[in-house]
Amino acid sequence: MSIETVSETRCFGGTQGTYRHASAANSCDMQFGVFVPPQAAHGSVPVVTFLSGLTCTEENFMTKSGAQKYAAELGIMLVAPDTSPRGEDVPDDPEGAWDFGLGAGFYLNATEEPWSRHYQMYDYVMQDLQEAVFGNFPGDRDRQGLTGHSMGGHGALTIGLKHPGVFGSLSAFAPISTTLHSPWGQKALGHYLGSDKTAWSEYDTSELARNVADASQFGTILVDQGMADPFLEEQLQPERLESACADSGLSLEMRRQGGYDHGYFFISTFIGDHLQHHLAQLNA
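Here the structure is a predicted model, which means the values were calculated and not measured.

(A) Main features of the layout of surface pockets. The space that makes up the largest pocket amounts to roughly 180 Å³. Lining the largest pocket are 14 residues, with Leu54, Thr55, Cys56, His149 and His262 sitting closest to its centre. Residues that form the lining of the largest pocket fall into these classes: 6 nonpolar, 7 polar and 1 charged.

(B) Region of interest: empty space enclosed by the protein. Inspection of the entire model under this criterion finds 2 cavities of 30 Å³ or more. Estimates place the volume of the largest cavity at around 70 Å³. Lining of the largest cavity is provided by Val47, Thr49, Val79, Val125, Leu129, Gln130, Val133, Phe134, Gln144 and Phe167. Those elements that place two or more of their residues in the lining of the largest cavity are strand E4 (45–51) and helix H3 (121–134). Of all the elements, H3 adds the most residues to the lining of the largest cavity, at 5 residues. The residue makeup of the lining of the largest cavity, split by class, is 7 nonpolar, 3 polar and no charged.

(C) Structural detail: the sheet that holds strand E2 (residues 14–23). Within the open sheet, the 9 strands sit side by side as E1-E2-E3-E5-E4-E6-E7-E8-E9. Their pairing is mixed. Each edge of the open sheet is held by one strand with a lone partner, namely strand E1 (4–11) and strand E9 (252–257). The average undirected angle you get between the axes of adjacent strands in this sheet is 20°. Bridge analysis of E4 against strand E5 (residues 77–81) gives 3 bridges, and the strand direction is parallel.

(D) Representation of the side chain of Thr83 in the model. Structurally, Thr83 can be placed in the loop between E5 and H3. Accessibility expressed as a relative area gives 0% for Thr83, which makes it buried. One polar contact links the side chain of Thr83 to the main-chain carbonyl oxygen of Cys56, over a distance of 2.6 Å. Within the local environment of Thr83, its side chain forms a polar contact with the backbone oxygen of Gly103, the two atoms lying 3.3 Å apart. Setting aside anything within four residues of it in sequence, one finds Thr83 in contact with Ser52, Gly53, Cys56, Gly103, Ala104, Gly105, Phe106, Tyr107, Met121 and Met151.

What counts as what
- Residues numbered from 1 in each chain as written.
- Predicted model: local features only at pLDDT ≥ 70, side-chain atom pairs only at ≥ 80, totals over all residues.
- Heavy atoms only, no water.
- 1 Å grid on protein atoms, 1.4 Å probe; cavity = no way out; pocket = protein on both sides within 12 Å on 5 of 7 lines; lining within 4 Å.
- Points joined across faces, edges and corners; volume = space filled by probe spheres on them.
- Nonpolar A, V, L, I, M, F, W, Y, C, P; charged D, E, K, R; others polar.
- Helix = DSSP H or I, 4+ residues; strand = E, 2+ residues; numbered from the N terminus.
- Pairing = 2+ DSSP bridges.
- Axes fitted to C-alpha atoms, helices over the stretch in contact; angles between N-to-C directions.
- Buried < 20%, exposed > 50% of the residue type's maximum accessible area, 1.4 Å probe, protein only.
- Polar contact = N/O pair within 3.5 Å; in protein donor to acceptor, adjacent residues only side chain to side chain.
- Contact = heavy atoms within 4.5 Å.

What follows is the structure, encoded as structure tokens:
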């Protein structure tokens, strides 16, 4: 897959860039960020993809998380896609709200009109983004980790739990643990998938965690949750994920971090731990 370079700059001995390509899944152009560490000059390196949350683009993680310093030290390539399709023909929330539509693709494949033509973020992450990254950068396709924040934490865990053969390590920051019971999730899935809630379970982190066929296929899942997060009780509900993992036998390390909220200062505080977590599992 051919890509267009939007920008590139030197960063911690490596290269930070933003790139654009045509997405067959989303029927529009998409942008993504990549940090290539200095170790990639000597061979392929492990890759950790970060899925961002509501209202974000491919820029937020790369500009706010401070992850490049740790990635350069550890020899990890970072990938950060946009959170939704973009363009004049791409429909947005008809009421102009920030929690649905542009910037809020929820990493699923929409089945309802008018969303189904463009909002195929699940296929985008699993197909188009994979082709764009591994066709153009020195990443090791056999050593991939997946993480994300909030809506992106939901995306990382729902996608990763379905594809243990692709993603060898998983983590999340303040993930939406249940779209079935979260107002954000209920709104988005109701529009994207329709009123039949049986289809929603395929995109509910806790339901997927509870029903994994073989928990031994997965390493420990690391989750950090700030306890001063204003969305904790209504939208995120981490206790549902804990209960689901206990039921299925999935190994979950849920770290409750006192005083931290939902923002990128929280992410930047613990991103080093997460990258070390991924590297240890990917190199095991």
